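# Observations on chain architecture
The chain contents come next:
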Amino acid sequence: MKRNFLFKKTGLSNALKIAFLLSIVLIGGFGHSVPTKEIFKALENSRELLQSPVLLNNQISAIPLKNLAGKRIASINIGNTSGYAFDEMLSNYAEVKIFDYPANINNEINTYTTIIVNVSSAALLSSDVISFITELSKKKELIIAGFGPSAALQKFDSFTIPIVWNPEQTPIAAQHSAQIIFGGEAVSAKLPANISANFVAGSGFSTQKIRLSYLNPGYFGINISKLKKIDNIMNEAITEHATPGAVVMVVKDGNVVFEKAYGHHTYGDDLPTRSRDIFDLASVTKIASTTVATMKLFDEEKINLNAGLGTYLQDLRGTNKDFIPVRDVLLHQAGLVNLDFLSYVKPSDHSTDSSFFFPVKITDNYFLRRDFYKDVMWPKMIRTSLPTRGQYVYSDLSMFMMKEVIEHQSGTSLDKFVEYSFYKPLGMKTAGYLPLRRFSKDLIVPTERDTYFRRTLLQGHVHDSGASLANGVSGHAGLFASANDLAILNQMLLNGGTYGGEQFLKPETIRLFTSSQSNVSRRGLGFDRSSGGSYPCHYASNQTYGHTGYTGTCVWVDPKENLIYIFLSNRVYPSASNKLNSLRIRPRIQDVIYEAIESGKTDLAGVASSR
């Protein structure tokens, strides 16, 4: 049977063939009409149907883009009918401002450091376009993503700027080129023929994949059709009012193989949940902020796991917490209790209006007095007894303490430390505390309709009352993010601390913090871990680490399968319900993922044995 058996005498364009093959994977294929091994054969070679993009003028390795924290990136579309797909793919990797030529090009473009011009071959026939690109190249870091017949490369013969040229001009081609620019996809193709004096046959640079991939039709290793069971589980969750909506993401071998939003922001709401919506992560904050910050300072030898808390916090010297090792705090074995901070708030501590004396905004009509955290909350934490010292007792006070240690040792606030150490350089666009300072409400999923404390719908204000009273920035809660941002952060951990060509953490530090560190619990240092049995699901390996969050969130990373599972929901809307847990929505979805992986392995084995 010929390799392109599915398309004999169809007359389909290469782009349509690729789209057709992708549909086989994404919606479950042909049923029993075509053998699985034949589908795999077709998919295995589907990339050959798409003329390969080539990377030119990359002598200084500008592609893939690195050092994102120091860049302000803009994309200009000049005549590319698939520009929307190109820009949408770019947005997976960084904050990118979109301009259309010449409609909305203005002085604002001068504020950007890096300009990506995606241009069609037809547009290059215009001398005005060539002049525009020439002027940009003199002032900015410029990248060309060209689409169409390669003969148009003649227009760039005298240019030295990097060029990603794709002979196809389709949405799929646009997505491939965007990924190459950020290193979501490697490139190695060469020009097949002479184009001009500088662009001769055999020209072309090779790169390596350094970031997540979002489109890989040649990927095998997970049976995508099996993941359709996730739809059934999520439909059950929404029907049973376990949560009004959710986002599920699966990353396998550095490829986003499943990303889907379900339901709506609230029950009966017209606003559907979107895959890039921002959620209150609740206790996932403990690993996505506080623990990675601790790991960074550990790498820098600014935190010693065996040092007592009093080593770093003068307020704790001479108290019962002076000699508690940082290690025990991260393991929840310090004996720290849980406190109801809300019970300490007096009527005189808050106001309906902001002022010099009441500057801490809890919600629009609730302002806390100055220094409430320092005067009330922190002293209460210092004076607590340690009734369970050496035992595993989960306590949010552990991460309150770690926040203080991190801020003392870093010399900056926790939110700023993680923003500049991780989120910005990784290209994470949404992750951070106090999201209403950066995003409109409609991008943030509501959590609870609070009837007991703030008496309003919480949307962009942290759900946890303790974190709220601490001005929204805490070690145990307060972080907001999208699923994509969590995928980036955890892929960095799975990579051994590298991402986007940068080293963020040492691999031995990641192994230490994520491995079993206790003889009285399953915990790692800051991380929760698999029990090797039924938690977090039946099939997760004993290497699995991650965390859950009270608002209905979880992140689990399984190094054995090179797998990341992310589930974000607002199960506490309109008020806290336990149905998400009682129906085992999160673990059931996770088990489906493992079943799809196992089925994919079986399919591959069958294909291999038939050759």
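Quick notes on the rules
Sequence order sets the numbering: in each chain, residues are counted from 1 along the sequence as written. It should be noted that, the model being predicted, local features are given only for residues of pLDDT at least 70 and side-chain atom pairs only at 80 or more, the latter also being counted only at that level, while totals for whole chains, interfaces and linings use all residues. Where side-chain values are given, they derive from all heavy atoms of the structure, hydrogens and water being excluded. Residues belong to a common nonpolar core when they are buried Ala, Val, Leu, Ile, Met, Phe, Trp, Tyr or Cys residues joined through side-chain atoms within 4.5 Å. To sort residues, take the accessible area from a 1.4 Å probe on protein chains only and compare it with the maximum for the residue type: under 20% means buried, over 50% means exposed, and anything in between is partly exposed. Labels follow the DSSP assignment, with helices taken as runs of H or I lasting at least four residues and strands as runs of E lasting at least two, numbered in each case from the N terminus. Only heavy atoms enter the contact rule, under which two residues are in contact if any of them lie within 4.5 Å. Pairs of strands are assigned from DSSP output, requiring at least two bridges between the strands. A 1.4 Å probe that fits into a set of points on a 1 Å grid over the protein atoms alone but cannot get out defines a cavity; an open set with protein on both sides within 12 Å along at least five of seven lines defines a pocket, and lining residues are those with an atom within 4 Å of a point. Grid points are joined across faces, edges and corners, and a volume is the space filled by probe spheres set on the points. Each residue gets one label: Ala, Val, Leu, Ile, Met, Phe, Trp, Tyr, Cys and Pro are nonpolar, Asp, Glu, Lys and Arg are charged, and the others, such as Gly, are polar. Between Lys or Arg on one side and Asp or Glu on the other, a salt bridge is scored when a side-chain nitrogen of the former is within 4 Å of a carboxyl oxygen of the latter. In this analysis, rings of Phe, Tyr and Trp, with Trp reduced to its six-membered ring, are considered paired at centre separations within 6.5 Å, and the interplanar angle assigns stacked below 30 degrees, edge-to-face beyond 60, and tilted for intermediate values. Here, a charge over a ring is recorded when the distance from Lys NZ or Arg CZ to the ring centre is within 6 Å and its angle to the ring normal is within 35 degrees. Of all possible arcs, the one meant is that of the directions from the helix axis to the C-beta atoms. What a helix is expected to span follows from its residue count: subtract one and scale by 1.5 Å.

Our focus in this paragraph is the nonpolar core. Counting residues in each nonpolar core, the largest one holds 112 residues, and the members touching the most others are I181 and F182. Among the elements that line this core, the one with the most residues is helix 14 (residues 483-494), at 8 residues. Aside from chain neighbours lying at most four places away, what touches I181 is I63, P64, L65, F86, I116, I143, A145 and V164.

Turning our attention to the sheet that holds strand 12 (residues 366-368). Strand order across the open sheet formed by 3 strands is 10-12-11, with antiparallel pairing between neighbours. On the outer flanks of this sheet lie strand 10 (350-351) and strand 11 (360-363), each paired with one strand and no other. Strand direction decides the pairing type here: strand 10 and strand 12, joined by 2 bridges, are antiparallel. From the neighbouring strand, H350 faces strand 12, where its bridge partner is L368.

The volume enclosed by the second largest pocket comes to roughly 680 Å³. Listing elements by their share of the lining of the second largest pocket, those giving two or more residues are strand 3 (96-100) and helix 12 (414-426). When residues in the lining of the second largest pocket are grouped by element, the largest group, 6 residues, is from helix 12. Taken together, the residues that form the lining of the second largest pocket break down as 14 nonpolar, 2 polar and 11 charged.

With that out of the way, let us pick up the pairing of strand 20 (residues 553-558). Each regular strand shows side chains that alternate between the opposite faces of the sheet. Burial analysis of strand 20 places 6 of its 6 residues in the buried class, which makes it a mostly covered element. Across the two faces of strand 20 the burial is the same, with T553, V555 and V557 and C554, W556 and D558 all buried. Where strand 19 (residues 545-549) lies against strand 20, 5 bridges are found, and the strand directions are antiparallel. Its bridge partner being in strand 20, G546 is matched across the sheet by W556.

Remark: the empty space left among the atoms is shown by a probe the size of a water molecule rolled over them. The final tally for this structure, using the stated rule, is 1 cavity of 30 Å³ or more. Taken as a whole, the largest cavity holds about 30 Å³ of empty space. As for the largest cavity, its lining consists of V329, H332, Q333, A334, G335, L336, V393, S395 and S398.

What follows deals with the pattern of salt bridges. By the definition in use, this model includes 22 salt bridges. For K71, the salt bridge is made with E141, and the minimal N-O distance between the two is 3.0 Å. Taken together, the positions of K71 in the loop between strand 1 (54-56) and strand 2 (73-78) and E141 in strand 5 (residues 141-147) put the pair 70 residues apart, joining distant regions of the chain. Given the relative accessible area of 28%, E141 is considered partly exposed.

This paragraph deals with the packing of aromatic side chains. Remark: the centre distance and the inter-plane angle together describe each pair of aromatic rings, the angle taken between the planes. Applying the stated criterion across every chain yields a total of 15 aromatic pairs. Where Y101 meets F132, the ring centres are 4.9 Å apart and the plane angle is 45 degrees; that geometry is what we call tilted. In this pair, Y101 is assigned in the loop between strand 3 and strand 4 (114-120) and F132 in helix 5 (residues 127-139), connecting sequence segments 31 residues apart. A relative accessible area of 24% places Y101 in the partly exposed class. Between F356 and F357, the aromatic rings sit 5.3 Å apart at their centres with planes inclined by 85 degrees, giving edge-to-face as the arrangement. Here K97 stacks its cationic end above the ring of F99, 5.8 Å away from the centre of that ring. A cation over a ring is seen here: R370 above F356, with NZ or CZ 4.3 Å from the ring centre.

Within helix 7 (residues 229-239), the full set of buried residues consists of I230, D231, I233, M234 and A237. Looking straight down helix 7, one finds that the buried residues subtend no more than 165 degrees of arc, so they occupy a single side. Among the exposed residues of helix 7, those oriented more than 90 degrees off its buried face are N232 and T239.

Each neighbour pair has its own omega, and for I63 with P64 the value is 0 degrees, a cis peptide bond. In this structure, P64 sits in the loop between strand 1 and strand 2. Between Y535 and P536 the backbone carries a cis peptide bond, its omega angle lying at 0 degrees. The phi dihedral of H241 is positive, around 55 degrees, even though this residue is not glycine.

A word on helix 12. Taking 1.5 Å per residue, 13 residues should reach 18 Å; helix 12 reaches 17 Å between its end C-alpha atoms and fits that length. For helix 12, the buried fraction is high: 10 of the 13 residues fall into the buried class. Among all positions of helix 12, only L414, D415, F417, V418, E419, S421, F422, Y423, P425 and L426 are buried. Buried-residue contacts for helix 12 involve helix 8 (285-299), helix 11 (397-410), helix 14, strand 16 (498-499) and strand 17 (502-503). Within two residues after helix 12, G427 carries a phi angle of roughly 85 degrees, on the positive side.

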